[in-house]
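# Examination of the molecular architecture
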Amino acid sequence: MVEQYESPLSTRYASAYLLRLFSQRTRIETWRRLWTELARAEHELGLPVTAEQVAALDAHIADIDFELAAARERKVRHDVMAHIYAYGKAAPAAAGIIHLGATSCYVTDNADLILYRNALRYLRGELLKVAANLAAFAERYKALPTLGYTHYQPAQPTTVGKRAALWMQDFLSDVEELDFALGSIRFLGCRGATGTEASLLDLFDGDGAKVDELNHRLAVAFGFEQCFDVCGQTYPRKLDSRILSALSAVAQSCYRMANDIRLLQHDRQLSEPFGDAQIGSSAMPYKRNPMRCERICSLSRYLMADAANAPMTASTQWLERTLDDSANRRISLPEAFLCADAILRLAQNVTAGLRVNEAVVDKSVRAYMPFLATENLLMEAVKRGGDRQTLHELIRRCSMEAAQKMENGEPCDLTARLAATGEFGMTEAEMDALLAPENYIGRCEAQVDTFLARRRGVYGDTAAGTAELSV
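Residues numbered from 1 in each chain as written. Predicted model: local features only at pLDDT ≥ 70, side-chain atom pairs only at ≥ 80, totals over all residues. Heavy atoms only, no water.

Once that is clear, we can look at the packing of helix α7 (residues 104–140) against helix α11 (residues 238–266). At a minimum axis distance of 12 Å, the contact between α7 and α11 shows a crossing angle of 20 degrees. On the basis of the axis angle, α7 is roughly parallel to α11. Remark: the crossing between α7 and α11 carries left-handed chirality. On α11, the residues that touch L113, Y116, L120, L123, L127 and L134 of α7 are L239, D240, I243, L247, V250 and M257. Each residue belonging to the contact of α7 with α11 can be placed in one class, and the counts come to eleven nonpolar, no polar and one charged. (Axes fitted to C-alpha atoms, helices over the stretch in contact; angles between N-to-C directions. Helix = DSSP H or I, 4+ residues; strand = E, 2+ residues; numbered from the N terminus. Parallel < 35°, antiparallel > 145°, perpendicular 65-115°, else oblique. Left-handed = near helix turned anticlockwise from the far one by under 90°. Contact = heavy atoms within 4.5 Å. Nonpolar A, V, L, I, M, F, W, Y, C, P; charged D, E, K, R; others polar.)

Here you go:
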């Protein structure tokens, strides 16, 4: 709607999958599934819930009157009670047993756990797609020498593929973070107002084994292996910190890669994809701004900042429950997932179409090779009878002079200067023959090969972790 604010995460950036996963329909249908499975377990364990009532609930999971629920919420000021009312109107035969023995957090928290689990699985698959793109890129350019940088100053050569392997290693580390977060998710179950299960214990006439069995059945019904061992009214908010930390880690890796590409695109060594009809600037038609990488960095900053919400919430939970987490979590967690999704979609696009301007890369590395090869030139000159200390001083002095010429916009003439001293016992041509960049990349090619071979089992299956929209 153009007359009211809409989140750009919804209208511009996030995928249809996550927009649907965090939609109000999916959330309330999940609540209804939770109410249905609670009724089913209570029926099977001997409470006064009939099979017909369970069937009625099951038949009306998707039959949601959102207008009725909204009107009821305006009156009672309680969203869960409003939807209990609306569900009872859809399934009147079961209206009297909906939410039996439960608290609001039975549906709100368990639903969140289901949605977050599915979202993490989906993002894991999206992350692996980025890693697979980088693996192909690293393989292709593993032996292409390029100028290395430390402190963003020219340093020893590396290769284009080795640099991509560094990015990829960060992303695979993020996969491990997501897996850790996924492995930490337990089901809350139906635990009562302060987590003591007192209400269920009353319903089952003091039979604790039946309480355990009910929670076990609920967990299994939604694909969880176990419940949290202990809890208050809610599941531990430390889990939210762990989840947002994992999503922040994805943002950190994406930002690092995108920022590197922006720097290299400034030097025209790399280029992100650019459409045939794409406009780089409204005022400067010639420009090819790295807008995708800039957007990755922009959204990544938002996600890294958003991740601070969870630890602040987790640290301020009072005793068994406080409600000052609710409004924050309604915004911070879904938006973190949507933002991570948007970032990864952009990262997939960039890594799939990343262009290497090989002539520029070669020119850049060769411009600095005389400086980078000075140790090799010194060693060769010593072999030919030169004095190491004298040669070192000549290299220092000539290097400063050649660097000054480059700062004046002139080409590097270091080898010509060194040859002219006569102390090195080599002609300029002989020195230049020692400057082939491929001789200075160390074990880059082998490192990339080893890295890709060791991690192929992770990134090789780009479908791994992709979730279906099921609750």
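This part takes up the pairing of strand β2 (residues 153–159). Note that strand β1 (residues 145–150) and β2 share five bridges and pair antiparallel. Considered in β2, the bridge of T146 is made with T158. Hairpin geometry of β1 and β2 is characterised by an intervening segment of two residues between the two adjacent antiparallel strands and by a positive phi of about 60 degrees at H151. (Pairing = 2+ DSSP bridges.)

One pass over the full model with this rule turns up 30 salt bridges. Between K405 and D413 there is a salt bridge; the shortest N-O distance is 3.4 Å. Given a relative accessible area of 18%, D413 falls into the buried group. (Salt bridge = Lys/Arg side-chain N within 4 Å of Asp/Glu carboxyl O. Buried < 20%, exposed > 50% of the residue type's maximum accessible area, 1.4 Å probe, protein only.)

Helix length check: helix α3 (residues 24–44), at 21 residues, gives a terminal C-alpha distance of 30 Å against a target of 30 Å (1.5 Å per residue), a fit within 8%. Following α3 by one or two positions, G46 has its phi on the positive side, about 95 degrees. (Expected span 1.5 Å × (residues − 1).)

Relative to the helices and strands, A155 is located in strand β2. A C-alpha to C-alpha distance of 16 Å links A155 and R443, two positions 288 residues apart in sequence.

Tallying each qualifying case throughout the model produces two cavities of 30 Å³ or more. Looking at the largest cavity, its volume works out to about 60 Å³. Around the largest cavity, the lining residues are F137, T146, V160, R163, A164, W167, L264, Q269, L270 and V361. Examining the composition of the lining of the largest cavity, we find that four residues originate from one element, helix α8 (residues 160–184), more than from any other. Its residues assigned to classes, the lining of the largest cavity shows seven nonpolar, two polar and one charged. For the second largest cavity, the full set of lining residues is A102, T103, C105, Y106, L188, G189, C190, R191, G192 and Q233. Of the residues in the lining of the second largest cavity, the class split is five nonpolar, four polar and one charged. (1 Å grid on protein atoms, 1.4 Å probe; cavity = no way out; pocket = protein on both sides within 12 Å on 5 of 7 lines; lining within 4 Å. Points joined across faces, edges and corners; volume = space filled by probe spheres on them.)

Take the layout of surface pockets next. Looking at the largest pocket, its volume works out to about 810 Å³. R27, D79, S326, R329 and R330 are the residues nearest the centre of the largest pocket, which is lined by 34 residues in total. Looking at the lining of the largest pocket, the elements with two or more residues in it are α1 (8–13), α3, α6 (79–90), α7 and α14 (326–352). Per element, the largest residue contribution to the lining of the largest pocket is seven residues, and it comes from α14. Among the residues forming the lining of the largest pocket, the class breakdown is twelve nonpolar, eleven polar and eleven charged.

Another point: helix α12 (residues 291–306). For an α-helix the count is 3.6 residues per turn, leaving residues at separations of three or four pointing the same way. With 16 residues, α12 extends 22 Å from end C-alpha to end C-alpha; this agrees with the ideal 22 Å at 1.5 Å per step. Within α12 the residues assigned to the buried category are R292, C293, I296, C297, L299, S300, L303 and D306. Considering only its buried residues, α12 is in contact with α1, α11, α13 (309–314) and α14.

Attention now goes to the side chain of S184. With respect to the helices, strands and loops of the structure, S184 is situated in helix α8. For S184, the contacting residues outside a window of four places in its chain are F228, L239 and R242.

Another aspect to go through is the packing of aromatic side chains. Following the criterion strictly, the structure yields twelve aromatic pairs and no others. Here the aromatic rings of F137 and Y141 are separated by 4.9 Å at their centres, their planes lie at 50 degrees, and the arrangement is tilted. Of the two residues, F137 and Y141, neither departs from the other in class, the shared state being buried. With a centroid separation of 5.1 Å and an interplanar angle of 35 degrees, the aromatic rings of F187 and F224 are classed as tilted. (Phe/Tyr/Trp six-rings, centres within 6.5 Å; stacked < 30°, edge-to-face > 60°.)

Before going further, it helps to spend a moment on the nonpolar core. Formed by 118 residues in total, the largest nonpolar core has its most connected members in L18, L247 and F337. The element contributing the most residues to this core is α7, with 20 residues. In contact with F337, other than residues within four places in its own chain, are L18, F22, Y116, A119, L120, L123, I243 and L247. Formed by 14 residues, the second largest nonpolar core is a distinct cluster that contains L394, I395, A402 and L414. (Core = buried A, V, L, I, M, F, W, Y, C linked by side-chain atoms within 4.5 Å.)

A word on unusual backbone geometry. Of note, H151 is a non-glycine position whose phi angle comes to about 60 degrees, a positive value. Within the fold, H151 resides in the loop between β1 and β2. Backbone geometry at R268 places phi at a positive 65 degrees, although glycine is not the residue there. On the basis of relative accessibility, which here comes to 59%, the residue R268 falls in the exposed class.

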